[in-house]
Structures are given as structure tokens and as C-alpha cells.
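Observations on the three-dimensional arrangement
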Amino acid sequence: AQTVTQSQPEMSVQEAETVTLSCTYDTSESDYYLFWYKQPPSRQMILVIRQEAYKQQNATENRFSVNFQKAAKSFSLKISDSQLGDAAMYFCAYREYGNKLVFGAGTILRVKS
Amino acid sequence: DTAVSQTPKYLVTQMGNDKSIKCEQNLGHDTMYWYKQDSKKFLKIMFSYNNKELIINETVPNRFSPKSPDKAHLNLHINSLELGDSAVYFCASSQTFPNTGELFFGEGSRLTVL
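Rules and cut-offs
Along every chain, residues carry numbers that run from 1 in the direction the sequence is written. Following the order in which they are written, the chains are lettered starting with A and the ligands numbered starting with 1. Per-residue local features of the predicted model are confined to residues with pLDDT of at least 70, and side-chain atom pairs are confined, for both listing and counting, to 80 or more; whole-chain, interface and lining totals are unaffected and use all residues. Only hydrogens and water are set aside when side-chain values are computed; all heavy atoms of the structure are taken into account. Elements are defined by DSSP. Helices are runs of H or I of four residues or more, strands are runs of E of two residues or more, and each kind is numbered from the N terminus. Residue contacts are counted whenever heavy atoms from the two residues lie within 4.5 Å of one another. Two cysteine sulfurs form a disulfide in these notes if their separation is within 2.5 Å. Using a 1.4 Å probe on the protein chains alone, a residue whose accessible area is under 20% of its type maximum counts as buried, one over 50% counts as exposed, and one in between counts as partly exposed. Here the nonpolar core consists of buried residues drawn from Ala, Val, Leu, Ile, Met, Phe, Trp, Tyr and Cys, with membership extended through side-chain atoms lying within 4.5 Å.

Here the focus is the environment of Lys78(A). Residues and elements named next belong to chain A. The topology assignment puts Lys-78 in strand E9 (residues 74-79). Along the primary structure Lys-78 and Thr-18 are separated by 60 residues, whereas in three dimensions their C-alpha atoms are 7.0 Å apart. Once you skip the residues sitting within four places of it in the chain, Lys-78 turns out to touch Thr-18, Val-19, Thr-20, Arg-63, Phe-64 and Ser-65.

Let's shift gears to the state of the cysteines. One way to say it: the disulfide is the covalent bond shared by the sulfur atoms of two cysteines. Per the counting criterion, the structure on display carries two disulfides over all chains. Through a disulfide, Cys23(A) is tied to Cys92(A); the S-S separation comes to 2.0 Å. Classification of the bridge connecting Cys23(A) and Cys92(A) rests on its S-S torsion, roughly -70°, and on that basis the disulfide is left-handed. Of this pair, Cys23(A) sits in the loop between strand E3 (19-21) and strand E4 (24-26) while Cys92(A) is found in strand E10 (residues 88-96), placing the two residues 69 residues apart along the sequence. On the accessibility criterion, Cys23(A) (2% relative accessible area) is buried. On the basis of relative accessible area, Cys92(A) is assigned to the buried category, the value being 1%. Across the disulfide, Cys23(B) is cross-linked to Cys91(B) (sulfur-sulfur distance 1.9 Å). Of note, the bridge from Cys23(B) to Cys91(B) carries an S-S torsion of about -80° and is left-handed in sense.

This brings us to the nonpolar core. Among the nonpolar cores identified, the biggest contains 26 residues, and Tyr25(A), Trp36(A), Phe75(A), Leu77(A) and Tyr90(A) are the most heavily contacted of them. Looking at this core, the elements that each hand over two or more residues are E3, strand E5 (32-39), strand E6 (46-52), strand E8 (64-69), E9, E10 and strand E12 (107-112) of chain A. The contacts of Tyr25(A), once residues within four sequence positions are left out, are Thr3(A), Val4(A), Tyr32(A), Leu34(A), Phe68(A), Gln69(A), Lys70(A), Lys73(A), Ser74(A), Phe75(A) and Tyr94(A). Counting 20 residues, the second largest nonpolar core, distinct from the first, contains Cys23(B), Leu76(B), Ile78(B) and Tyr89(B).

The structure is reproduced here in C-alpha cells:
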């Protein structure tokens, strides 16, 4: 079974600084998707960034970027210029084509002003 | 316009009761899901329907019964509620083609069983 591991239950970052959230996953597939979802206190699940495994280039979305290491099965999220609104629970997720989305346990991100 | 909407958003009920949560998506997607988020925030899939056909049925008690009257709607009925059913239930949808892999989530329905 596919598993997603987020080894950091909680992280803190100073406003305007950079923080990296870690994620590793286990799969025998070569084609799949990886995601980072954000869940603020409002509990809405918001897609932050998406990566397709066949693409070697790391995805970026404004202040959010990933470091995708396919051989190492690692998918970390870097948040640059952290803002108070970035404070949330962040979930790493894995999905095979046409299959279910499997989530990690989540990392709580606290942003200090 | 809300893309994936769930009702009710909050539900408080007594043990042993039966309750339903409804979900509707207006994105034109062909696949819908129910996820459960427990008190430790862990998200786990329960069911998935593709064009009204059940395609994923994880190990969930028989007291949980999903129903998809059409591809835009997916309801969850829970019989004989237990304390352990207290959780946030998320509905989500996705499109098979073109396949971006992304799931779009509703706002969640917080169920509290007393």
C-alpha cells in the first residue's frame, strides 16, 4: 500500500523567512501525482501546489516551490517570504492515475510576527 | 458559486441516531469521494464513485452507506451512530479526463456524536 510520511508534526517560521516542510512517500509506480494541500482553521482544504512524477522540473507557485527527488521518493515544500496567512496544517498527498488520494499525517505551520 | 458544497456543515446528534450528509458539485466532474478526518487530523478515504458507480470502498462499517443519484451528487448516510463516528467528513470531486490528479474539496461537515 502506498504511504506518505511527514516527519515534522509541527514547524515554526518567522514572518518573511523561509521554511521547508518534508514529505516522503512509498510507491512502486513510475507515474503518479504529488500534492501539497493547506488546511487553515476554517478547515477548507486548499491546493497549494501539484507535481507530476514524469516532470523533472520542480513545480512553483509564487512563494511556494517544491523539491521533488523521484529516486529518493522525497517531495518537500518550500515557503518563501512567509506570511501570517500561511499559518495552517499542511498535508502532503500522493495519487496514482485514476486512484485514490493518500494523505500524510500533516504538519502544523506556525508563523511568528 | 461554491464548487463542492456539503450540507449540513455542523451536525450534533445522539448515539444510536441515523443521519445523512449531502454533497453536490457543480464542476462537471465525473468522480466523487468521501473522506473522514479524525480528531488527530488524519484524512482517510471512505468511498469513491465514478459516474454513479462505486469504485472505492475502504474498510468502513456497514453502518455507512453512500448513495450517488447522479454524478453531481454523493450522499452519505450513517446508521446507529457511535461516539467514534465523531469527525469531519469531507466530500471531494475530480475529473478523469483531462486528468490533473487534483481533488476539489468541500468545506467539510463536522459531526459530533454525544
